[in-house]
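Examination of the molecular architecture
Each chain, letter by letter, is given below.
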Amino acid sequence: MTKPDYPIRTARLTLRPFTPDDHAALHSWQSRPDVVRHLYGGPRSPEETTESLALKASVTWPEKEGDHLALAVEKDGVVIGEAVLKWLSEEHRQGEVGYIFHPDHHGNGYATEAAAAMLDLGFTHLGLHRIVASCDAFNEPSWRVMERLGMRREAHFRHNEFFKGAWGEALIYAILEDEWRRMADAR
Ligand SMILES: CC(C)(COP(=O)(O)OP(=O)(O)OC[C@H]1O[C@@H](n2cnc3c(N)ncnc32)[C@H](O)[C@@H]1OP(=O)(O)O)[C@@H](O)C(=O)NCCC(=O)NCCS
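Below is a summary of the structure that appears in this document. (Residues numbered from 1 in each chain as written. Predicted model: local features only at pLDDT ≥ 70, side-chain atom pairs only at ≥ 80, totals over all residues. Heavy atoms only, no water.)

**A look at the site of the ligand**
Neighbouring the ligand are 21 residues; Phe101, Gly107, Ala111, Thr112 and Asn139 lie closest to it. Between an oxygen atom of the ligand and a main-chain N or O atom of Gly107, the distance comes to 2.7 Å. The element best represented in the shell around the ligand is helix α5 (residues 140-148), accounting for five residues. Looking at the shell around the ligand residue by residue, the classes come out as 10 nonpolar, eight polar and three charged. (Near = heavy atom within 4 Å. Polar contact = N/O pair within 3.5 Å; in protein donor to acceptor, adjacent residues only side chain to side chain. Helix = DSSP H or I, 4+ residues; strand = E, 2+ residues; numbered from the N terminus. Nonpolar A, V, L, I, M, F, W, Y, C, P; charged D, E, K, R; others polar.)

**Topic: the pairing of strand β3 (residues 68-75)**
In terms of burial, β3 is a largely internal element, seven of the eight residues being buried. Direction of pairing for strand β2 (residues 14-17) relative to β3: antiparallel, over a ladder of four bridges. Bridge assignment links Arg16 to a residue of β3, and that residue is Ala72. As defined by bridge partners, β3 adjoins strand β4 (residues 78-89) across eight bridges and the pair is classed as antiparallel. Across the sheet, Glu74 pairs through a bridge with Val79, a residue of β4. (Buried < 20%, exposed > 50% of the residue type's maximum accessible area, 1.4 Å probe, protein only. Pairing = 2+ DSSP bridges.)

**A short note on the packing of helix α4 (residues 110-125) against helix α6 (residues 177-186)**
Here α4 crosses α6 at 125°, and the two axes come no closer than 11 Å. Relative to α6, the element α4 is oriented oblique. Here the hand of the crossing between α4 and α6 comes out left-handed. Residue-level inspection shows Ala116, Leu119, Asp120, Phe123 and Thr124 of α4 in contact with α6, the latter providing Glu177, Trp180 and Arg181. Class assignment of the residues belonging to the contact of α4 with α6 gives a composition of four nonpolar, one polar and three charged. (Axes fitted to C-alpha atoms, helices over the stretch in contact; angles between N-to-C directions. Parallel < 35°, antiparallel > 145°, perpendicular 65-115°, else oblique. Left-handed = near helix turned anticlockwise from the far one by under 90°. Contact = heavy atoms within 4.5 Å.)

Below you can see the structure in the form of structure tokens.
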């Protein structure tokens, strides 16, 4: 396991740990009902964003199973979203990716680009064997990101939980390290 040097640069984006200065940016999407529609919890108050930011800023690299790394994603110096890598299991080398972007920056491929960087971190730096992603089945923009990343739909759970007042459905996607490397070699 090797902690990467920050910032991480992709073709168009810069990824780095959150700092206390990111409150306004984080709140700009965490406070929006349209952004949290398919996520657990409702729009956050400024105080709730402060708590959420402190948690994000406290993890700059997953040191142990269960740690949740959230990186701020910048485009031209402006924080436009976040990309997440969670270490699910050390024994089984499993992880999970996630992403949330401000709606002003949807539709440009930024979530896919940032999530690809998180897959690379998981496989190359954390030594994972398999990385999953999950979403509300009605969150089509989210599962389309997973498909653009080359992840495979492994499950569609129907009515697996009662979510925001109705029976919910969840999709699970995954990609293995060798599948990711084959795709990287083909690029
Ligand atoms: C999920 C979420 C990040 C997806 O955002 P998105 O903008 O659709 O995803 P991307 O940034 O990868 O952009 C992809 C879109 O940009 C287009 N695009 C434009 N230029 C592109 C490029 N250079 N590369 C790739 N895609 C590009 C794609 O065609 C695609 O549009 P389409 O879906 O109409 O075909 C966004 O909807 C979001 O933040 N939702 C709220 C939080 C959330 O639900 N998160 C997921 C929790 S599981």
